[in-house]
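Letter by letter, the chains look like this.
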Amino acid sequence: MEKRRLGKSDLHVTELGLGCMTLGTDALAAERIINAALEEGVNYFDTADLYDFGVNESIVGQALKPVREQVIIATKVGNRWNNNKDGWSWDPSKTYIKEAVKDSLTRLGTDYIDLYQLHGGTLDDPMDETIEAFEELVSEGFVKYYGISSIRPNVIREYASKSNISSVMMQYSILDRRPEEEALSILRENDISVVARGPVAKGLLSDVGVNKITEKGFMDYSEEELRSLLLELRNHFGDRSLTEVALRYVLHNPTIASVVAGASSVEQVKNNAKAVRSQPLSEGEVSFIKEVSKANVYGQHR
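1. A look at the layout of surface pockets
In step 1: Considering only enclosed or pocket space, the largest pocket measures out at about 1100 Å³ in volume.
In step 2: What lines the largest pocket is a set of 38 residues, and nearest its centre among them are Val200, Lys202, Gly203, Ala261 and Gly262.
In step 3: Secondary-structure elements contributing two or more residues to the lining of the largest pocket are strand S10 (167–171), helix H8 (242–251), strand S12 (256–262) and helix H9 (266–277).
In step 4: Residue composition of the lining of the largest pocket, by class: 14 nonpolar, 15 polar and nine charged.

2. Considering helix H10 (residues 283–292)
In step 1: All of the buried residues along H10 are Val286, Phe288 and Ile289. An end-on view of H10 places all buried positions within 155 degrees of arc, on one side of the element. Every exposed residue of H10 that faces more than 90 degrees away from the buried side is listed here: Glu283 and Glu291.
In step 2: The secondary structure elements touched by the buried residues of H10 are helix H7 (223–237) and H8.

3. Topic: the packing of aromatic side chains
In step 1: Throughout the structure, instances matching the rule amount to four aromatic pairs.
In step 2: Between Phe237 and Phe288, the aromatic rings sit 6.3 Å apart at their centres with planes inclined by 70 degrees, giving edge-to-face as the arrangement. Of this pair, Phe237 sits in helix H7 while Phe288 sits in helix H10, placing them 51 residues apart in sequence.
In step 3: A relative accessible area of 15% places Phe288 in the buried class.
In step 4: An aromatic cluster is built from Tyr116, Phe134 and Tyr146, whose rings are joined through pairwise contacts.
In step 5: The ring of Tyr112 has Arg68 lying over it, and the distance from NZ or CZ to the ring centre is 4.1 Å.
In step 6: Over the face of the ring belonging to Tyr221 we find Lys294, whose NZ or CZ atom lies 5.1 Å from the ring centre.

4. A closer look at the sheet that holds strand S3 (residues 16–19)
In step 1: With parallel pairing, eight strands are arranged side by side around a closed barrel as S3-S4-S5-S8-S9-S10-S11-S12. Strand after strand, the sheet turns through a mean of 30 degrees between neighbouring axes, direction not considered.
In step 2: For strand S8 (residues 113–118) and strand S9 (residues 143–149), the ladder comprises five bridges, and the chain directions are parallel. Bridging across to S9, Ile113 finds its partner in Val143.
In step 3: Along the sheet, helix H5 (residues 153–162) contacts S8, S9 and S10; its crossing angle with S9, the most-contacted strand, is approximately 155 degrees.

5. A short note on empty space enclosed by the protein
In step 1: For the structure on display, the rule yields one cavity of 30 Å³ or more.
In step 2: Space inside the largest cavity adds up to approximately 40 Å³.
In step 3: Leu16, Gly17, Leu18, Ala37, Val42, Ala261, Val269 and Asn272 together form the lining of the largest cavity.
In step 4: Those elements that provide at least two residues to the lining of the largest cavity are S3 and H9.
In step 5: The biggest single contributor to the lining of the largest cavity is S3, with three residues.
In step 6: When the residues that make up the lining of the largest cavity are grouped by side-chain class, the tally is six nonpolar, two polar and no charged.

6. With respect to the pairing of S8
In step 1: Taken across its six residues, S8 has six buried, putting it largely inside the fold.
In step 2: The pairing of strand S5 (residues 72–77) with S8 spans four bridges and is parallel. Within the sheet, the bridge partner assigned to Lys76 lies in S8 and is Gln117.

7. Comments concerning the side chain of Ser206
In step 1: For Ser206, the location among the structural elements is in the loop between strand S11 (193–197) and H7.
In step 2: On the basis of relative accessibility, which here comes to 12%, the residue Ser206 falls in the buried class.
In step 3: Ignoring any residue separated from it by four or fewer positions in sequence, one finds Ser206 in contact with Arg234, Leu242 and Thr243.

8. Thoughts on the pattern of salt bridges
Two side chains of opposite charge can pair, provided their charged atoms sit close to one another.
In step 1: Per the stated rule, a full pass over the model turns up 19 salt bridges.
In step 2: Glu140 is the salt-bridge partner of Lys98, the closest N and O atoms lying 2.8 Å from each other. In this pair, Lys98 is assigned in helix H3 (residues 94–108) and Glu140 in the loop between helix H4 (127–139) and S9, connecting sequence segments 42 residues apart.
In step 3: Note on Glu140: relative accessible area 39%, which makes it partly exposed.
In step 4: The structure contains a network of salt bridges with shared partners spanning Lys94, Lys98, Glu132, Glu136 and Glu140.

Definitions and limits used
Residues numbered from 1 in each chain as written. Predicted model: local features only at pLDDT ≥ 70, side-chain atom pairs only at ≥ 80, totals over all residues. Heavy atoms only, no water. 1 Å grid on protein atoms, 1.4 Å probe; cavity = no way out; pocket = protein on both sides within 12 Å on 5 of 7 lines; lining within 4 Å. Points joined across faces, edges and corners; volume = space filled by probe spheres on them. Helix = DSSP H or I, 4+ residues; strand = E, 2+ residues; numbered from the N terminus. Nonpolar A, V, L, I, M, F, W, Y, C, P; charged D, E, K, R; others polar. Buried < 20%, exposed > 50% of the residue type's maximum accessible area, 1.4 Å probe, protein only. Arc of directions from axis to C-beta. Contact = heavy atoms within 4.5 Å. Phe/Tyr/Trp six-rings, centres within 6.5 Å; stacked < 30°, edge-to-face > 60°. Lys NZ or Arg CZ within 6 Å of the ring centre and 35° of its normal. Pairing = 2+ DSSP bridges. Axes fitted to C-alpha atoms, helices over the stretch in contact; angles between N-to-C directions. Salt bridge = Lys/Arg side-chain N within 4 Å of Asp/Glu carboxyl O.

In structure tokens form, the structure reads like this:
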């Protein structure tokens, strides 16, 4: 599987990454999915301390222990579970980040994290303090590189100018093209990569996507608009699967280092790997997709 450099780091991630949030808490079932990803050549695995109260990190760490030096483990910090574990609060403080990393390292069963990401962020955060925490973790050897998970251009712009982030994780797909409005250009100018989540838009951009459409629609698409767009894409691309079209569209932008797709079965992993290995889209095909889909805008959520 092809690899791309993550920003200015020395990490080279596979074009397909495994989003581990949907693995569940059955360790054996999760291990089968992770092993399937490894067999397909995937080297990038993304988790977070928030997922399943940290159980996800433990499962991922255990499954990847035999190949630790050959893989890239990314996890996230900033969302703090309350004592009852029925909700969480946002805490981007230096004190919390430097405490939380120890717990993540223990659960992952490793002495370093390849990519440590702030799991959100607003302009109201103590940003200098947050950056200082990550920089110290890098200098102390607990973290190789760091990044943020955000879709907000104003937050991204601040981190791009003030910090040494290697990447930004953000939602990006044919149905959510908001990053094209501003974020991708900011990152490209600063040699920072994107790790794209949600590339198949909750399964809507898969071969069974039409069955997942509800009356609520998706983003600013109505139910009717979704049905029309999916039909238009199917008719235009003929024998190519919708998953292929969706993943290759995201990967067409050179700022994207990896598309991180979740999987709840071995079959899903294999289908995603096949899609990523498929023929890249031509400029004409990308232009067609942009013509028939919505550009999306941020509105007030900047």
